[in-house]
Protein chains: 2
Amino acid sequence: MQSSEFHDKETDVTVIGCGPVGLFAVFQCGMLGLRTQVIDVLDAVGGQCIALYPDKPIYDIPSHPVISARGLIEQLCKQIAPFKAGFHLGQVALRLVGAGENWTVVTAKGCEITSRAVFVAAGAGSLQPNRPNLRRLEEFEDKSVFYAVRDIADFSGRSVVIAGGGDSAVDWCIALAELCTVTLVHRRPNFRAAPESERRLRALIEAERVKLVAPAQLQDLEGEGGQLTGVVVSEPNGPRLLSASRLLLCYGLLNDVGPLSGWGLALQVNKVLVDPTTMQTNLPGIYAIGDIASFPGKLKLILNGFAEAAIAAHHAFGRCRPGELLRFEYSTAKGVPTVS
Amino acid sequence: MQSSEFHDKETDVTVIGCGPVGLFAVFQCGMLGLRTQVIDVLDAVGGQCIALYPDKPIYDIPSHPVISARGLIEQLCKQIAPFKAGFHLGQVALRLVGAGENWTVVTAKGCEITSRAVFVAAGAGSLQPNRPNLRRLEEFEDKSVFYAVRDIADFSGRSVVIAGGGDSAVDWCIALAELCTVTLVHRRPNFRAAPESERRLRALIEAERVKLVAPAQLQDLEGEGGQLTGVVVSEPNGPRLLSASRLLLCYGLLNDVGPLSGWGLALQVNKVLVDPTTMQTNLPGIYAIGDIASFPGKLKLILNGFAEAAIAAHHAFGRCRPGELLRFEYSTAKGVPTVS
């Protein structure tokens, strides 16, 4: 999926979140002739399936005895390809503004999308990285302190401190050890990583190609103008300064409904309350589907999110095409509509 | 799927109907450790998908950009294989008898299945063949008058009258012309069949390997002791006797809830009313899922039936395993349980 270049859009349905349920909503809308624009805080489509467990096998997608999370997303991308949805990735949906029958969603990158209906398919929330409590952290973020490796050239040849002890920290140690001087800081001497990855990390530490500082915790950052020069860690014996021009923070992802919480939606424990017969929220034209939706009997399975997307699309049709009759047709009879 | 040989069964969930939704209910129950026995009026699993449109492409199964109805059923059969459900095919579910917390379903072949929960996944109903209004019809049925070819040897070398003008009539003319003397009786000179099939039929008529009697309608049957000797048809000029020892009636399938209508279930226009938060009917422990279920906002899509199967299975767990805690787990975490 290519991110769309245009910033001001008018469409039928704005979909927030492109995990499996958001992607299938694009399909269901497309089958009814509704155009869609999709926003996601992550840089890639697939939501948690891609960000958290791409290689895990899923067994309960109907008529796929087994499919990897990545395979599921690839199939869904093929399925929605005919509908040419616009994608606005790497940007959180910041504000919701109502005007007449329309809603405008404004993203953190200034993209504004106006539509009759908005589907909130934000899963567990906006999946923000866990940020440690460090003085002056904002000053360095996205300049020399990162939560993900977006461009590996940014790290090449640098002194890099990686903080964390899960799969992500361990995997990046292995990948970056080829290109930079890597120091791994972890609060415990053990890791929560795939055994094979941990074995490879131990071998790199043994060969002195990765330096392990553990148990230790981040205490302070040194540098000026956003350019890191060192990381102070606290060890059992006291603080130590590690020279570093890059810090990669791998403390996992935080589930948080994020800016949604200020949109006037009726919420219950970080979930959006909906009427399950329509998937509509307390705001007319705003729907919630998938894991973020809450209603009596809600089952947090991907397959149920798919069904909720279908229900929302059929209801939203009436809002997007007032006066037009929605003739119920099976896909076997009508095929996949072509879009211009 | 092999039909089960044993007639008296005790299980956790009895599933009535094994179209796609009934089959997926077996999977969802299995994932929760619930055993299932399945009843269907048809001789093969797959419901309408196999009986009515096996080769039609379906486009709206999530993460299958396209799959044939037969392919869908094959995949579902693979998916449920680990759970070793029992199948009781070719028999309508006739009676429902409650005793304490249990329900017993009795089939037309005398099979009795007792369980805590029953899932009615009967689709559009029991898919009975359309029966013409002919005197003494019952006398010949299943002896020399048939609605389907179950054993082609029954027809070999016979004089066969085939009645109807749809795909089924045309396809059987083509198939049986090799083996018997075939006369096709249809009320109109045109057919509602695939163009290629119609072309092949026309060629057989041209070559005098199939005799076409049209426009004509069935008027009477001749014969004794269930053994047909002739079929009287009415033509514009009057009646005509066609010599025949077999009559194959291809007048399509009739959707009818069948014996279900006498079970005390709350119905609305041949649908079973359910609480959509649990999929339970007015009778505790009896659930309805898929096309036969009715509730506000019901969408008659296969994918929504899948989600309904999951909801019913999770609710039925509490009934089948009172006191046991259902720990919600993703299939990625627990895999597919093994059953003994």
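Above this note sits the structure.
These numbers were taken from a predicted model, which means no experiment stands behind them.

Q: I would appreciate a short explanation of the packing of aromatic side chains in the present structure.
A: The description of two aromatic rings rests on the distance between their centres and on the angle between their planes. Counted by the stated rule, this structure contains 10 aromatic pairs over all chains. Cluster of aromatic residues (ring-pair linked, three or more members): A:Phe24, A:Phe27, A:Phe83 and A:Phe306.

Q: Where do I start with helix 6 (residues 195-206) of chain B in this structure?
A: Residues and elements named next belong to chain B. Given a rise of 1.5 Å per residue, 12 residues ought to cover 16 Å, and the 16 Å separating the end C-alpha atoms of helix 6 matches this to within 8%. Those residues of helix 6 that sit buried are Ser197, Leu201 and Leu204. In an axial view of helix 6, the angular spread of the buried residues amounts to 60°, which keeps them on one side of the axis. Turned more than 90 degrees away from the buried face of helix 6, the exposed residues are Pro195 and Glu206. At the exit of helix 6 stands Glu208, carrying a positive phi of roughly 60°.

Q: Can you help me understand the state of the cysteines in this one?
A: Two cysteines whose sulfur atoms are joined by a covalent bond form what is called a disulfide. Scanning the entire structure with this criterion turns up 0 disulfides over all chains. In this model A:Cys77 remains outside any disulfide bridge; the closest cysteine sulfur is found in A:Cys18, 8.0 Å from its own. You can see B:Cys250 has no disulfide; the closest cysteine sulfur is in B:Cys173, sitting 7.8 Å from it.

Q: How should I be thinking about the pattern of salt bridges in this particular structure?
A: Close approach of charged atoms allows side chains of opposite charge to pair. Residue and element names in this part refer to chain B. If you walk through the whole model with that rule in mind, you get 26 salt bridges over all chains. A salt bridge links Asp220 to Arg135, with the shortest nitrogen-to-oxygen separation between them at 2.9 Å. Residue Asp220 is found in strand 14 (residues 217-224), and its partner Arg135 is found in the loop between strand 9 (128-129) and helix 4 (137-140); the two are separated by 85 residues along the sequence. Judged by relative accessible area, Asp220 falls into the buried class, the value being 18%.

Q: Is there a simple way to explain the sheet that holds strand 17 (residues 246-249) of chain A in this structure?
A: Whether parallel or antiparallel, the strands of a sheet pair through hydrogen bonds between backbone atoms. Residues and elements named next belong to chain A. Sheet architecture is open: 5 strands sit in the order 10-17-11-12-13, paired in parallel fashion. Across the chains shown, the open sheet's two edge strands, defined by having one partner strand only, are strand 10 (145-146) and strand 13 (210-213). Pairing geometry for strand 10 and strand 17, over 2 bridges, is parallel. Bridge pairing links Phe146 to Leu248 in strand 17. Each of strand 11 (159-163), strand 12 (181-185), strand 13 and strand 17 touches helix 5 (residues 167-176); the most contacted strand, strand 11, lies at about 160° to it. In the packing of helix 6 (residues 195-206) onto the sheet, contacts are made with strand 12 and strand 13, and the angle to strand 13 comes to roughly 100°.

Q: What exactly am I supposed to notice about the pairing of strand 7 (residues 102-107) of chain A here?
A: The side chains of a regular strand alternate, residue by residue, between the two faces of the sheet. All names here are of chain A. Counting buried positions along strand 7 gives 5 out of 6 residues, so the element sits mostly inside the fold. Where strand 6 (residues 93-99) meets strand 7, 6 bridges bridge the pair, whose relative direction is antiparallel. Paired with Arg95 across the strands is Val106, a residue of strand 7. Hairpin connection, strand 6 to strand 7: the antiparallel pair is bridged by 2 residues, and Gly100 has positive phi, about 60°. Pairing between strand 7 and strand 8 (residues 112-120): 4 bridges, direction antiparallel. Each bridged residue has a counterpart across the sheet, and for Val106 the counterpart in strand 8 is Glu112. Following strand 7, the chain reverses through 4 residues before pairing antiparallel with strand 8; Gly110 in that reversal takes a positive phi of roughly 85°.

Definitions and limits used
- Residues numbered from 1 in each chain as written.
- Chains lettered and ligands numbered in written order.
- Predicted model: local features only at pLDDT ≥ 70, side-chain atom pairs only at ≥ 80, totals over all residues.
- Heavy atoms only, no water.
- Phe/Tyr/Trp six-rings, centres within 6.5 Å; stacked < 30°, edge-to-face > 60°.
- Helix = DSSP H or I, 4+ residues; strand = E, 2+ residues; numbered from the N terminus.
- Expected span 1.5 Å × (residues − 1).
- Buried < 20%, exposed > 50% of the residue type's maximum accessible area, 1.4 Å probe, protein only.
- Arc of directions from axis to C-beta.
- Disulfide = S-S within 2.5 Å.
- Salt bridge = Lys/Arg side-chain N within 4 Å of Asp/Glu carboxyl O.
- Pairing = 2+ DSSP bridges.
- Contact = heavy atoms within 4.5 Å.
- Axes fitted to C-alpha atoms, helices over the stretch in contact; angles between N-to-C directions.

That's the geometry; what it means functionally is another story.
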